[in-house]
Amino acid sequence: MSEKSIIIIGGGIAGLSAGCYALMNGFPTRIFEMHKKKPGGLCTSWKRQGYTVNGCIHWLIGSSPKDGYYRLWEELGAVQGRDFVYQEEYGRIEAGEGQRFIVYSDIDRLEKEMKRISPEDSAVIDEFIAAVRRCTRFTIPWEKAPEVSTLFDLLKMIITQFPAIRLLSKWNRVSLKNFGERFKSPLLRDAFPLLFMPDFPVSFMLMVCAWMHNRAAGYPVGGSLEFSRAIEKRFLGLGGEVAYKAKVAKILTENNRAVGVRLEDGTEHRADYIISAADGHATIFDMLEGRYVDDTVRGYYEKLIPFPPLMYIALGVNRSFSDVSPSAGGMALKLDRSLLVGGVEQQYLAAQIYNFDPTLAPAGKTLVTILIPTNYDYWSALSQNEARYKAEKEELADEVIGILERRFPGLASQVEMRDVASPTTFVRYTGNWKGSFEGWQVTPSTWTLGKIMKKTLPGLENFYMAGHWVEPGGGIPAAAMSGRNIIQIVCKKEKKKFVALR
Ligand SMILES: Cc1cc2nc3c(=O)[nH]c(=O)nc-3n(C[C@H](O)[C@H](O)[C@H](O)COP(=O)(O)OP(=O)(O)OC[C@H]3O[C@@H](n4cnc5c(N)ncnc54)[C@H](O)[C@@H]3O)c2cc1C
């Protein structure tokens, strides 16, 4: 082991990943995690009345050796021995009166489906499908952190990745919502913004469709907590320590150098490097009291747009749903009348039916989850009045069950477990700013600002940040890669050759 030690704040995917690579490179490492016993942060699951509520992963980029990211997961011990499901459908949009758009994973089927719905949109469909086809040949370089790349690395990347850069930069400038407006078909117009976040660039969706087609973004059987636990096991196996129920209140500094942390219980712990893989806003403005910010850092928090917080409703249903085709992202059901959730109007309801993972429910039964984007301030204010907060959550669950009953007659009487998490639940368990489920969104207008976010703070030495608050677009692979990148930066500072073990 090297002399230099590391403390990591947060045992989510980014913190666990940074921990694994720190140990591979000889730095004694401790993770301080505020949860009482679980690793994974947002990448988690919880038990309710015999069901396991999968709280996160729908699809994991790099789940198969066909994709470059697979090696990252191998290094972290996350994929070995794990079964992945590759659904025939990315998702489906049901717009009522028999109108339906199935977003097939297979590109040929997707093309046929889109042309079945709207032959008059053939030109736009051809353009989209051709771009997806090209993306199936791209692999995104991830192995070297931009911060440690040389000019030669950069030039090599530009030359080898030129076709990808050219194609994706064109589509980075168009959001899913704006692209949808190019279709004549009302169904396709409605559908495109629903495929992911409406303001996300089409380039992201092109890559997702390509990963789906290549069967490189599968669902890990067992759910999200099992996945996180595998990475925690890897960290512990390499000799790391995780302290649970250890909420960091302050990052200790001396002469503008991070030297340790003070926990909420008042204990202090010191190390040579401090890496915060916890919420970005809390790290900068609470743990460091806003002492290390400049216009760039302030600009991130003023101009970038976070992913919205969610109402996350889980239902345990005594029904097999064997007649429903499994899909990676679930189904979006058009509502007869719009639904107001925390002041945010919903025209569609997104439900995921986990009929492809029998480990999440007793035999013959199924976990169903419903994700509804909402408003943090509304639920935060409401939670001050416990009775009203609980009542409104239950009313929402009743409403959602009613909607699903119309699509799946008999379902209401088959619901035997219901669990409603609000944005305040997400904040309580993971500390994510305003309950955001994935850090910063990427949009055509904020693309440049968030392109390569700084992982350090101005004027503070020996301190780094990892995780989805410094990797716009977020997600599990970005979080894991971010932890790996930070250790490359630390190794460079320590003049050590970075090592990644499988
Ligand atoms: C419903 C849902 C579905 C999703 N689906 C997908 C998907 O299909 N594919 C995908 O790639 N991504 C998905 N994501 C996004 C993904 O989960 C996140 O982007 C990723 O897990 C972020 O990891 P992280 O380590 O950066 O942050 P986090 O998971 O937020 O981890 C931060 C950790 O820090 C801890 N912490 C915070 N403050 C402190 C403190 N003061 N002291 C100590 N510990 C602290 C927290 O408890 C937490 O464990 C989904 C997220 C949600 C909620």
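Before reading on, note that the structure itself is shown above.
Overview of the structure. (Residues numbered from 1 in each chain as written. Predicted model: local features only at pLDDT ≥ 70, side-chain atom pairs only at ≥ 80, totals over all residues. Heavy atoms only, no water.)

### Some words on the environment of Ile401
No. 1: Residue placement: Ile401 occurs in helix α14 (residues 386-407).
No. 2: As a C-alpha pair, Ile401 and Lys112 span 289 residues in sequence and 33 Å in three-dimensional space.
No. 3: In this structure, Ile401 is in contact with Leu315, Leu411, Ala412, Val415 and Arg418, ignoring residues within four places of it in sequence. (Helix = DSSP H or I, 4+ residues; strand = E, 2+ residues; numbered from the N terminus. Contact = heavy atoms within 4.5 Å.)

### Section: the pairing of strand β14 (residues 273-276)
No. 1: Side chains Tyr273 and Ile275 of β14 all project onto a buried face; the interleaved residues Ile274 and Ser276 project onto the opposite face, where all are buried too.
No. 2: Pairing of strand β1 (residues 6-9) with β14, which is carried by 4 bridges, proceeds in the parallel orientation. The residue of β14 that forms the bridge with Ile6 is Tyr273.
No. 3: Across 3 bridges, β14 lies against strand β20 (residues 463-465) in parallel orientation. Looking across to β20, one finds that Ile274 is bridged to Phe463. (Buried < 20%, exposed > 50% of the residue type's maximum accessible area, 1.4 Å probe, protein only. Pairing = 2+ DSSP bridges.)

### Examining the site of the ligand
No. 1: Around the ligand sit 37 residues, and of these Glu33, Leu42, His58, Asn432 and Ile476 come closest.
No. 2: One of the backbone N or O atoms of Gly41 is found 3.5 Å from an oxygen atom in the ligand.
No. 3: Considering the ligand on its own, with 1,000 Å² of exposed area, one finds that the protein chains cover 96% of that surface.
No. 4: Looking at the shell around the ligand, the elements that each hand over two or more residues are α1 (13-24), β15 (310-317), α16 (423-430) and α18 (476-493).
No. 5: For the shell around the ligand, the per-class residue count stands at 22 nonpolar, 12 polar and 3 charged. (Near = heavy atom within 4 Å. Polar contact = N/O pair within 3.5 Å; in protein donor to acceptor, adjacent residues only side chain to side chain. Areas by Shrake-Rupley, 256 points an atom, 1.4 Å probe, with all protein chains shown as cover. Nonpolar A, V, L, I, M, F, W, Y, C, P; charged D, E, K, R; others polar.)

### Observations regarding the nonpolar core
No. 1: One finds Trp59, Trp73, Phe101, Phe128, Phe196 and Phe227 to be the most contacted residues of the largest nonpolar core, which totals 97 residues.
No. 2: For this core, the leading source of residues is helix α9 (residues 202-213), giving 10 residues.
No. 3: Discounting residues that sit within four places of it in the chain, Phe101 has contacts with Gly91, Arg92, Ile93, Leu110, Glu113, Met114, Ile117, Leu187, Leu188 and Ala191. (Core = buried A, V, L, I, M, F, W, Y, C linked by side-chain atoms within 4.5 Å.)

### Some remarks on the packing of aromatic side chains
No. 1: If you walk through the whole model with that rule in mind, you get 33 aromatic pairs.
No. 2: Seen from their ring centres, Tyr354 and Phe356 are 5.5 Å apart, and the 45° between their planes marks the pair as tilted. By the burial criterion, Tyr354 is buried, and Phe356 matches it.
No. 3: A cation sits over an aromatic face here: Arg319 above Phe321, 5.3 Å from the ring centre. (Phe/Tyr/Trp six-rings, centres within 6.5 Å; stacked < 30°, edge-to-face > 60°. Lys NZ or Arg CZ within 6 Å of the ring centre and 35° of its normal.)

### Observations concerning the packing of helix α3 (residues 107-117) against helix α4 (residues 122-135)
No. 1: Viewed as axis vectors pointing N to C, α3 and α4 meet at an angle of 170°, and their least axial separation amounts to 10 Å. Classified by the angle their axes make, α3 and α4 are roughly antiparallel. Considering how the two elements wind past one another, α3 and α4 form a crossing that is right-handed. Mapping the contact onto sequence places Ile107, Asp108, Leu110, Glu111, Met114 and Lys115 in α3 and Ser122, Ile125, Asp126, Phe128, Ile129, Val132 and Arg133 in α4.
No. 2: Classifying every residue of the contact of α3 with α4 by side-chain character gives 7 nonpolar, 1 polar and 5 charged. (Axes fitted to C-alpha atoms, helices over the stretch in contact; angles between N-to-C directions. Parallel < 35°, antiparallel > 145°, perpendicular 65-115°, else oblique. Left-handed = near helix turned anticlockwise from the far one by under 90°.)

### Section: the pairing of strand β18 (residues 366-373)
No. 1: Counting buried residues along β18, 6 of its 8 residues qualify, which places the element largely inside the surrounding structure.
No. 2: Two elements, strand β17 (residues 344-353) and β18, share 4 bridges in a ladder whose sense is antiparallel. Counterpart to Ile353 in the pairing with β18 is Val368.

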